[in-house]
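# Tertiary structure, described
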Amino acid sequence: MKPVILTGLRANNDLTIGNYLGAILPMIDMAKSKAGEYQVNMFVPDLHSFTTPIDHAQLQEQIMHNLRVFVAAGLPIDHDDVYVYRQSYISAHSELTWILDCFTGFGEMNRMTQFKDKSAKLNEDRISIGLFNYPVLMAADILLYNASYVPVGDDQTQHLEFTRDIATRMNNQFGELFAVPLAVPKQHEFFGKDQGLRVRDLMEPTKKMSKSDETGKGVVFLSDTPEAATKKVMSATTDSFGEVKFDMKERPGISNLLQILALLSNRPQNEVNAEWEGKTSYGDLKKAVAEVVSTFLTDFQARLAGVDDQTLLAKLEASETAMQSVAGQTLYKAQSAVGLRPKV
Ligand code: ATP
Ligand code: MG
């Protein structure tokens, strides 16, 4: 069995450059350089899509769109070790979640900062148990495939730690059921980073850029026109220091722009910083960022328009069949451990 690298992106809205840079690109770099040595699972966690309210009439198209985004971003779907699938097509995700639910403490979920942040933005009657519970579904997503490497942005650290906790708890009680994914610092090491990436909202750079942001004014979506994205970049919040300096803590707005510039132009951060630090025109920096963002969007959208649905659907079906079998085996072990099936 090859070690598994796994990631998913919720299909609740169009994806952003934060999702692209923080989750899609690192995963695709892995798929390109390591498929052969590793198994790469990139999936659409469609069951996670409506933990917060969405327009359900759009969901089917959103799911297919996100899958096309993976391909447009460069996922090598012709490789045998690369699997793309829709979570809800593999019923083991739901079934294992229920089992894990019954071994998860209420207090444990109640400590999740994502739940606190997301529920704070909803009316009380719209806060669903699904939103409360989704880290357990996420744990099932990972544990069903014995994934060791799960590249997540900084916002998902707590959920990955929970996955390790619940896997260890089940293993302690029932014997070796699940592979425990690597601890977060080891994940960063594997992906060649010293920490998780956090692209900031352009209007409110103390917050992360989020696809479900209410206004979307500080969010660059992958489907934004270059003109719309340029407007957003040009009106990004900066600071009153009047001199460019990379300092995420004290100057998150400017530093976020420098970060986007480095990532999208594929240059080392310190090289970009050295070029800009000490300059006094924030407008010039914004123009440079708007330019790389526009070029990126134009290229990306052209690649997206060229994705072949037939090839994608054939790959999906083959992957889903293969993953039903893998996930089914892990589920059976768990069912057997808790006494729902005869001993294996
Ligand atoms: P939502 O607001 O709906 O939660 P999101 O933008 O946070 O949307 P998710 O589907 O929750 O997106 O996350 C998908 C992946 O993208 C995760 O691995 C997450 O860590 C990563 N990610 C999300 N936002 C950012 C960001 N601003 N910077 C870097 N990575 C990010
Ligand atoms: Mg999120």
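The residue count restarts for each chain, going from 1 along the sequence in the order it is written. For this description, chains carry letters from A and ligands carry numbers from 1, given in the order in which they are written. Reporting in this predicted model follows two pLDDT cut-offs: at least 70 for local features of residues, and 80 or more for side-chain atom pairs to be given and counted; totals over whole chains, interfaces and linings ignore these cut-offs and use all residues. Think of the side-chain values as coming from all heavy atoms in the structure, minus any hydrogens and water.

## Regarding the site of ligand 1
For clarity, the threshold we go by: It suffices for a single heavy atom of a residue to lie within 4 Å of a molecule or strand for the residue to be listed as near it. Polar contacts, as counted here, are pairs of nitrogen or oxygen atoms within 3.5 Å of one another; within protein the pair requires one atom able to donate a hydrogen and one able to accept it, and residues that are adjacent in sequence qualify only if both atoms are side-chain atoms. Surface accessibility follows the Shrake-Rupley procedure with a 1.4 Å probe radius. Residue values consider only the protein chains on display as shielding.
Around ligand 1, the surrounding shell holds 20 residues, and the nearest of these are Asn12, Lys118, Gly153, Lys208 and Ser212. Take glycine 18: an N or O atom from its main chain is 3.4 Å from a nitrogen atom of ligand 1. At 2.8 Å from an oxygen atom of ligand 1 is found a side-chain nitrogen or oxygen belonging to lysine 211. In isolation ligand 1 offers 590 Å² of accessible surface; the protein chains occlude 97% of this area.

## Here we look at the sheet that holds strand E4 (residues 147–149)
This is how the line gets drawn: For two strands to count as paired, DSSP must find a minimum of two bridges between them. Secondary structure follows DSSP: runs of H or I at least 4 residues long count as helices, runs of E at least 2 residues long count as strands, and numbering of each begins at the N terminus. Axis geometry follows a simple rule: fit a line to the C-alpha atoms, using only the stretch in contact for helices, then measure angles between N-to-C directions, giving values from 0 to 180 degrees. By definition, residues are in contact when any of their heavy atoms lie within 4.5 Å.
Read from one edge of the open sheet, 4 strands run E3-E2-E1-E4, paired in parallel fashion. Both outer strands of the open sheet, strand E3 (82–86) and E4, are each paired with one neighbouring strand and no more. The sheet shows a mean angle of 40° between the axes of neighbouring strands, direction not considered. Helix H1 (residues 17–34) contacts strand E1 (4–8), strand E2 (39–44) and E3 of the sheet and is inclined by roughly 145° relative to E2. The strands that helix H2 (residues 59–72) touches are E2 and E3; relative to E2, the one it contacts most, it runs at about 150°.

## Focus: the packing of aromatic side chains
Defined as follows: For this analysis, a ring pair means two rings from Phe, Tyr or Trp (six-membered ring only for Trp) whose centres lie within 6.5 Å, classed as stacked if their planes differ by under 30 degrees, edge-to-face if by over 60, and tilted for the remaining angles. We call a residue buried when its accessible area falls under 20% of the maximum for its residue type, exposed when it is over 50%, and partly exposed in between, using a 1.4 Å probe and counting protein chains only. A ring is considered to have a charge above it if a Lys NZ or an Arg CZ atom is located within 6 Å of its centre and within 35 degrees of its normal.
Counted under the stated rule, the structure contains 12 aromatic pairs. Pairing tyrosine 85 with tyrosine 145 gives two aromatic rings, centres 5.4 Å apart and planes at 40°, and the pair type is tilted. With tyrosine 85 in strand E3 and tyrosine 145 in the loop between helix H6 (129–143) and E4, the pair connects residues that are 60 residues apart, well separated along the chain. Using a relative accessible area of 0% as the deciding quantity, one classes tyrosine 85 as buried. Ring centres 5.0 Å apart and planes at 35° place the aromatic pair phenylalanine 106 and phenylalanine 132 in the tilted group. One end of the pair, phenylalanine 106, is in helix H4 (residues 106–110); the other, phenylalanine 132, is in helix H6, with 26 residues separating them in the sequence. One aromatic cluster is present, built from ring pairs that chain together Tyr38, Tyr149, Phe190 and Phe191. The residue whose ring lies beneath lysine 279 is tryptophan 276, and the NZ or CZ to ring-centre distance is 4.9 Å.

## Topic: the pairing of E1
Where we set the bar: A clockwise course of the path from the first strand over the helix to the second, judged with the strands pointing away from the viewer, identifies a crossover as right-handed.
Counting buried positions over the 5 residues of E1 gives 4, a clear majority of the element. On the question of chirality, the crossover connecting E1 to the parallel E2 by way of H1 is right-handed. Taken together, the 2 bridges between E1 and E4 define a ladder with parallel strand orientation. Bridge pairing in E4 places isoleucine 5 opposite tyrosine 149.

## Here we look at the pattern of salt bridges
Filter applied, for reference: Here, a salt bridge means any Lys or Arg side-chain nitrogen found within 4 Å of an Asp or Glu carboxyl oxygen.
If you walk through the whole model with that rule in mind, you get 11 salt bridges. We note a salt bridge from arginine 86 to glutamate 320, for which the minimum N-O separation is 2.7 Å. A residue pair is termed long-range when its members are at least 10 positions apart, and arginine 86 in strand E3 and glutamate 320 in helix H13 (residues 309–337) qualify at 234 residues. For the pair shown, arginine 86 and glutamate 320 are each scored as buried. Taking the shortest distance from any N to any O, the salt bridge between glutamate 275 and arginine 267 comes out at 2.6 Å. Here the salt bridges share partners, and the residues they tie into one network are Glu61, Arg68 and Asp309.

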